[in-house]
Amino acid sequence: MQDPELMETAVLSDQEPTPIAPSDSSRMLMGAEDDQLGIRQLSQMQLFWIRFRRHKVALVGAVILAFFVVLAIIGPYISPETYEGSGWNPVALNWAPQWSWHYLMGTDANGHSILMYVLLGARTSLEVGVLSAFVATLIGILVGAVSGYFGGWVDAVWMRITDVFLTLPFLPLVILVSAYLGGGNAYIIVAIFGFLGWSSVARLIRSYYLTLREQEFVDAARAVGVSHSRIMFRHILPNALSPVIVSFTLAVAGFIVGEAAIDFLTVGIRPPSVSWGIALAGAQNNLILGNWWWAFFPGVCLLLVVLAINFLGDGLRDALDVRAKTSE
Amino acid sequence: MTIESEAIQQHSDANGNLLLDVRDLKTYYPILGGVLRRRVGWVKAVDGVSFSIKSGETLGMVGESGCGKSTIGRTVVRLVDATGGKVMFEGRDILSLRGQELKRMRRNMQIIFQDPYASLNPRMPVGDIIGEGLMVHGMKSRKEREERVQYYLEVVGLRKEYVRRYPHEFSGGQRQRIGIARALALRPKLVVCDEPVSALDVSIQSQVLNLLSDLQKEFGLTYLFIAHDLSVVEYISDRVVVMYLGKVAEVADSERLYANPKHPYTQALLSAIPIPDPTVKKQRIVLHGDVPSPINPPSGCRFRTRCWLAQSICAEQEPQLRQVESGHWAACHFA
Amino acid sequence: MSTEISQHELMQETHNGRLLRVEGLRTYFKTMDGIVKAVDGVSFDMPEGSSLGIVGESGCGKSVTSLSIMRLVERPGWIAGGRIWFHDKDLLHLPEEQMRQIRGDDISMVFQEPMTSLNPVYTLGDQVAEVVRVHRKVSRKEAMNRAIELFKLVGIPSPERRIKDYPHNMSGGMRQRVMIAMALANDPDLLILDEPTTALDVTIQAQILELVKDLQQRVNTAVMLITHDLGVVTEMSDRIIVMYAGRVVEDGDVLSVLKDPLHPYTKGLLASIPSLGKKNQRLNVIAGAVPNPLRMPQGCKFAPRCPYVMDVCRNEEPELLTQGEHGERKVRCWLY
């Protein structure tokens, strides 16, 4: 790699050192410094995984969530019936759970399989939750990034707008808008949630941008001539990704609950779309008859999914915490 | 134009062509207060500073924290907006440049930062960090960029295989080399070195200093070398500017400055350096008190509150930077 | 007064003049990638009232050594072995309760960061008085008077007013004076200064160094100064210990070590400092960087960077051996 004698003369000689061409001195240093770099340190991904694995509850959350994701994907194919296809089934009104695929979780007052609600509802819940969180996070990132990066009056204006959205009573407003737009469709719900629910993400992202824009690597990029938008999204955003991921996760849980809530109030998704919230809404008048299964299975699913996502979010927060120092 | 800048300019003109000519530069930061975040005052970080750098020269700039040396560096490379004055680069005032013109000018002036950790984006591979400048200035071919990046990695003493590695895999000294490669990749004429070795260990410091002087010869660079460590500045610089509280206290060739400092502040600064040689017994001048606030600097001479020579004239009249010997300027009534 | 002094001298006699002896100290840290041996077999002595400088680059273990003496090493670190004799007590085997009495009373420490070492919500006087009252049964008023006295001692102007100030009213240099006042509150036998001037400007550093020198003469305290700056050690200490990769590589009086360094690392360190008047020479360089603490070389830890390296250096680690006719110097190198 290098000549040890060359090194010796260059390192500690008493006489006037002979001038070394840059390339020579570079080569000399290179060899020696390689000892240091020969060992590859753990990558960000590995570090993340080590920390995440320690968080047992989050692991459980991830497993539960994975189960429901699989359910949401294959649900329509294994469901005993579809909502449209089943209609009123006078044979099986209010049946308790029994050992058959169709009636595994019992039936509702119309004879629909509760299992069908659970399987098809998983898709609706996750779809609305993830898509709404996606829209809200996207808007939040845009607003937060512009606000935090430019500061000054841009920041002042956008943060006042954000404050307005933050103080709006979320649920009543959603109910109002949903009622006005006619609700019914999952994508309308996603649009409503996304456009009303971005403000907390925006605030979070803004606070990260406020600190990150003062970092010297941002100055370095500016000195090189990099444009504002590139600095905002190529330089700063990757450094603010951890809080984005965590808040996205928690937003998914929040929107799943929100969706169930407005379905329950019958201003959200409507049949023939199926959701856990619809099942719960249907069950509320019938519980008194003792048919607990109608509310129980969709309710437990909702609870499990939301808990699982929250656990996962906690684990992600700990594992992604950029401020927690590693061993380096 | 003030007398001082005129004098310096004449001096420099006589000795070769000026690359950078800073005249009466002022950079103030607003102090915001109250609920409405209104401006309630100014931090006068740089308050009327003139100096110039010849092509191929290294101008050192020393002073304690708060003297404005870093702000000058950042103003020159247009990271901070100036409040007044002129920064002429090859005869062109760069403070008024905007948009595409400014972007083109940035190729000519680069900066190396103090903190080798904060100055590299932790989420970017080394190849992108160094090559980004090439990309935004029009080198669109990825392959061409990568070759160029590899070349500069080798120039600064790193292996070309490192292009895909991330900053956290490198030591402080290696990171500083990456920062140098990033600045170098645009082939600038002027490089502002803002405390480039202060964050490094002694044995790594000397490696980086040697690299910087090698690169200067190889690429014909001109340096504005900012540091608080006088021995480092003396080592690398041809001329040295001593700053105090936003003003120039003294300018001279580095040998002359260290052999025969004229300004009492420079004298105190020099005597304050601890030297690792037990045989040298020196008289130390210990200054009293702290550097005053740049929000409300003392009247007259700004150093008078800590100066052992201060007379009533120092409070009444601000001393102008004047030539006390050929090529040696000091801003002191008694120099 | 005079009887007190003679008594003190008598006590020194009985302890044979020895204040601190560190024997084979090992302090390790557990990290995700393995165990880092930050301090690995460090031994040295300190007589009463002496001044010792410990120098080395970042990661050499100098700060961890001082934290180990105070028993302030926190998880994931632990003291894996060795002994620390202070007077005639083995600090590593004292119950925590007794150790707490020693800290801030017999041994005290000043840290690098004067910003974070002070609590922002209490006045400076309260914080200094607190230290006094932890170890002495005195009234609040007496403790406050002691604080004023200490402020005077460390050269803080108008101390009666200053004790009512909060840390944010003080500059970095003044804060460091307060930290020193706090450390001296109970007349410690050993004062540890961990990079006390690194965060300060040159002229402020000069003030603090003058203060410490002055105090060393006025109060009979042994001072252990930890720094990366060879210049600071030269001015402040009588004896110097050079550390590299968790080990002592050289130990001797400042004058002879700096005039005639024995260990190649010390030589290289001295040669690589750009000092005034060395202009236009190429700086001498110690090639490479400090080894990764997880992958230490097998033999001498400096071997990969050493210009005098021999075969034996790569395979076997040298001992810290005594040099010179009077045994006043020690060096860890196969050359001697």
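Residue positions within a chain follow its written sequence, with the count starting from 1. Both sets of labels track the order of writing: A upward for chains, 1 upward for ligands. Restriction of local features to residues with pLDDT of at least 70 applies here, the model being predicted, together with a cutoff of 80 or more for giving and counting side-chain atom pairs; totals for whole chains, interfaces and linings are based on all residues. Based on all heavy atoms of the structure, the side-chain values leave hydrogens and waters out of the count.

(A) Broad picture of the overall build of chain C. Within chain C, the regular secondary structure consists of 12 helices and 12 strands. The C-alpha atoms of chain C give 21 Å as radius of gyration, which agrees with the globular expectation for 336 residues (20 Å, within 12%). Each principal axis of the C-alpha atoms in chain C carries an extent, and together these give about 65 × 50 × 50 Å. Partly exposed describes any residue whose relative accessible area lies between the buried limit of under 20% and the exposed limit of over 50%, with all areas from a 1.4 Å probe on protein chains only and scaled to the type maximum. Taking all 336 residues of chain C together, 55% fall into the buried category. What makes two residues a contact is simply this: any of their non-hydrogen atoms within 4.5 Å. Contacts spanning at least 24 positions in sequence make up 63% of the contacts within chain C whose residues lie at least 6 apart. Per-residue and other accessible areas follow the Shrake-Rupley method at a 1.4 Å probe size, with only the shown protein chains counted as cover for residues. Of the roughly 14800 Å² of accessible surface on chain C, a fraction of 50% belongs to carbon and sulfur atoms. Elements are defined by DSSP. Helices are runs of H or I of four residues or more, strands are runs of E of two residues or more, and each kind is numbered from the N terminus. Here the radius of gyration uses the C-alpha set of atoms, whereas the globule reference equals 2.2 Å times the residue count to the power 0.38.

(B) Inspection of a nonpolar patch on the surface at higher detail. On the surface, V69, V70, I73, I74, Y77 and I78 of chain A cluster together into a nonpolar patch covering about 550 Å² of accessible area. The topology assignment puts V70 of chain A in helix α4 (residues 56-78). Within the patch definition used here, like charges are joined within 9 Å and nonpolar side chains (Val, Leu, Ile, Met, Phe, Trp, Tyr) within 5 Å, considering only residues with over 30% relative accessible area and no salt bridge. Throughout this description, the term salt bridge denotes a Lys or Arg side-chain nitrogen within 4 Å of a carboxyl oxygen of Asp or Glu.

(C) Seen up close, the packing of helix α13 (residues 241-264) of chain A against helix α15 (residues 293-320) of chain A. Residue and element names in this part refer to chain A. Lines are fitted to the C-alpha atoms to define the axes, a helix being fitted only along its stretch in contact, and any angle between axes, read from their N-to-C directions, falls within 0 to 180 degrees. As a packed pair, α13 and α15 sit with axes 9 Å apart at the nearest point and diverge in direction by 170°. By the angle between their axes, α13 is roughly antiparallel relative to α15. Residues S242, I245, V246, T249, L250, V252, A253, I256, V257 and A260 of α13 form the contact with α15, whose participating residues are L302, V305, V306, I309, N310, L312, G313, L316, R317 and L320. Roughly parallel refers to an angle under 35 degrees, roughly antiparallel to one over 145, roughly perpendicular to one between 65 and 115, and oblique to any angle outside these ranges.

(D) Seen up close, the sheet that holds strand β2 (residues 38-54) of chain B. All names here are of chain B. By the convention used here, strands pair only if DSSP detects at least 2 bridges between them. Taking strand neighbours across the sheet as the criterion, the 4 strands line up as β2-β1-β4-β5 in an open arrangement whose pairing is antiparallel. Of all strands in the sheet, those bounded by a partner on one side alone are β2 and β5 (92-93). When strand β1 (residues 18-33) meets β2, the two strands line up antiparallel, connected through 13 bridges. Across the sheet, the residue bridging to G33 is R38, located in β2. Strands in contact with helix α2 (residues 69-76) are β1, β2 and β4 (84-89); relative to β1, the strand with the most contacts, it is inclined by about 110°.

(E) Expanded view of the interface of chain B and chain C. With 41 residues of chain B in contact, the opposing surface of chain C contributes 44 residues. Around 3400 Å² of area is buried between chain B and chain C when both sides are counted, 58% of it from carbon and sulfur atoms. Definition of a polar contact: a pair of N or O atoms within 3.5 Å, with one able to donate and the other able to accept a hydrogen when the atoms are protein atoms, and with sequence-neighbouring residues admitted only if both atoms are side-chain atoms. Applying the counting rule to chain B against chain C returns 15 residue pairs in polar contact (both at pLDDT 80 or more). For the side of chain B that touches chain C, the elements supplying multiple residues, two or more each, are α7 (202-219), α8 (230-236), α9 (254-259) and α10 (264-272) of chain B. In terms of residue count, the dominant contributor to the side of chain B that touches chain C is α7 of chain B (8 residues). Residue composition of the side of chain B that touches chain C, by class: 19 nonpolar, 12 polar and 10 charged. What gets called buried area is simply the loss in accessible area from a 1.4 Å probe that two parts show on being joined, summed for both. Amino acids are sorted into nonpolar (Ala, Val, Leu, Ile, Met, Phe, Trp, Tyr, Cys and Pro), charged (Asp, Glu, Lys and Arg) and polar (every other residue, Gly among them).

(F) Main features of a positive patch on the surface. Residues R53, R54 and K56 of chain A together with K30 of chain C make up a contiguous surface patch of positive charge. By the element assignment, R53 of chain A lies in helix α3 (residues 44-54). Under the convention used here, Asp and Glu are negative, Lys and Arg are positive, and both His and the chain ends fall outside the count. Where a charge lies is defined by one atom per residue type: Lys uses NZ, Arg uses CZ, Asp uses CG and Glu uses CD.

(G) Representation of unusual backbone geometry. Residues and elements named next belong to chain C. Each neighbour pair has its own omega, and for R75 with P76 the value is 10°, a cis peptide bond. Counting through the fold element by element, P76 comes out in the loop between α2 (62-69) and β4 (77-86). Its identity as a non-glycine residue notwithstanding, H87 has a phi of 50°, on the positive side. Here H87 shows up in the loop between β4 and β5 (89-90). If you check the backbone angles, S158 has positive phi at about 40° while not being a glycine. Among the secondary structure elements, S158 is positioned in the loop between α5 (140-153) and α6 (159-162). Residue class for S158 comes out partly exposed when judged on its relative accessible area of 34%.

(H) Broad picture of the sheet that holds strand β2 (residues 34-47) of chain C. In space, the 4 strands of this open sheet follow the order β2-β1-β4-β5 (chain C), with antiparallel pairing throughout. At either end of the open sheet lies a strand with only one pairing partner, and these are β2 and β5 of chain C.

(I) Expanded view of the pairing of strand β7 (residues 190-194) of chain C. Residue and element names in this part refer to chain C. Where burial is concerned, most of β7 is hidden: 5 out of the 5 residues are buried. Burial along β7 is two-sided: the face carrying L190, I192 and D194 and the face carrying L191 and L193 are both buried. As paired strands, β7 and strand β8 (residues 222-227) are joined by 5 bridges and run parallel to one another. Bridge assignment links D194 to a residue of β8, and that residue is I226. For the segment spanning β7, helix α8 (residues 202-218) and β8, crossover handedness is right-handed. A crossover gets the label right-handed when its path from the first strand over the helix to the second runs clockwise, viewed with the strands pointing away from the viewer.

(J) Representation of the packing of aromatic side chains within the structure. In this analysis, rings of Phe, Tyr and Trp, with Trp reduced to its six-membered ring, are considered paired at centre separations within 6.5 Å, and the interplanar angle assigns stacked below 30 degrees, edge-to-face beyond 60, and tilted for intermediate values. This model, assessed by the stated rule, comprises 18 aromatic pairs over all chains. Aromatic ring contacts, followed pair by pair, group F67, F68 and W276 of chain A into a single cluster.

(K) Layout of the pattern of salt bridges. On inspection of all chains with the given rule, the structure shows 47 salt bridges over all chains. Salt-bridge contacts for D155 of chain A lead to R206 of chain A; the nearest nitrogen and oxygen are separated by 2.6 Å. Here D155 of chain A is found in helix α7 (residues 152-167), whereas its partner R206 of chain A is found in helix α10 (residues 199-212), with 51 residues between them in sequence. Of the charged contacts, one joins D194 of chain B and R74 of chain B as a salt bridge, the two residues approaching to 3.8 Å between their closest N and O atoms. Taken together, the residues span a long stretch of sequence, with D194 of chain B in strand β7 (residues 190-194) and R74 of chain B in helix α2 at a distance of 120 residues. Overall, the relative accessible area of 15% leaves R74 of chain B in the buried class. In this structure, a network of salt bridges that share partners links the residues E216, D219 and R222 of chain A together with R74 and D194 of chain B.

(L) Expanded view of the environment of I107 of chain C. All names here are of chain C. Turning to its location among the elements, I107 is positioned in strand β6 (residues 107-110). Sequence separation between I107 and L190 is 83 residues; the distance between their C-alpha atoms is 4.8 Å. Excluding residues that lie within four positions of it along the chain, I107 makes contacts with I69, M70, F86, L91, I102, P188, L190 and I192.

(M) Structural context of the packing of helix α11 (residues 216-224) of chain A against helix α12 (residues 228-236) of chain A. All names here are of chain A. Running from N to C, α11 and α12 cross one another at 135°; their axes reach a closest spacing of 11 Å. Judged by the angle between their axes, α11 and α12 are oblique. Every pair of crossing elements has a handedness; the one defined by α11 and α12 is right-handed. Contact residues: α11 offers F217, V218, A221 and R222, while α12 offers I231, H235 and I236. By residue class, the composition of the contact of α11 with α12 is 5 nonpolar, 1 polar and 1 charged. Each crossing gets its hand from how the near helix is turned against the far one by less than a right angle, where anticlockwise is left-handed and clockwise is right-handed.

(N) Local environment of the confidence of the model for chain C. Confidence of the predictor at the level of single residues is given by pLDDT, which spans 0 to 100. The pLDDT averaged across chain C works out to 86; a share of 92% of its residues lies at or above 70. Predicted confidence for residues 1-14 of chain C stays below pLDDT 50, and this span has 5 contacts to residues more than four positions away or in other chains.

(O) Focus on α4 of chain A. Residues and elements named next belong to chain A. The length a helix should cover is 1.5 Å for every residue beyond the first. A rise of 1.5 Å per residue sets the reference length of α4, with its 23 residues, at 33 Å; its end C-alpha atoms lie 31 Å apart and thus fit the reference within 8%. We define the bend at any residue as the angle between the axes fitted to the seven residues before and including it, ending there, and the seven starting there. Largest kink in α4: about 40°, centred on A72, with the proline P76 one to four residues after it. Within the sequence span of α4, burial applies to A58, G61, L65, F68, L71, A72 and G75.

(P) Structural context of the state of the cysteines. Residue and element names in this part refer to chain B. The criterion for a disulfide is a pair of cysteine sulfur atoms lying within 2.5 Å. As enumerated under the stated definition, the model contains 0 disulfides over all chains in all. No disulfide involves C193; its sulfur sits 16 Å from that of C67, the nearest cysteine. In this structure C332 is a free cysteine whose sulfur lies 6.1 Å from that of C307, the closest cysteine sulfur available.

(Q) Inspection of the nonpolar core at higher detail. Working definition of a nonpolar core: buried Ala, Val, Leu, Ile, Met, Phe, Trp, Tyr and Cys residues. They are joined through side-chain atoms within 4.5 Å. Counting 67 residues, the largest nonpolar core has L215 and F225 of chain B as the members making the most contacts within it. Considering every element that reaches this core, the biggest residue donor is α7 of chain B, with 7 residues. Not counting residues up to four positions away in its chain, the partners in contact with L215 of chain B are V155, I180, L184, G220, L221 and Y223 of chain B. Counting residues in each nonpolar core, the second largest holds 61 residues, with I139, A260, L280 and A319 of chain A among its members.

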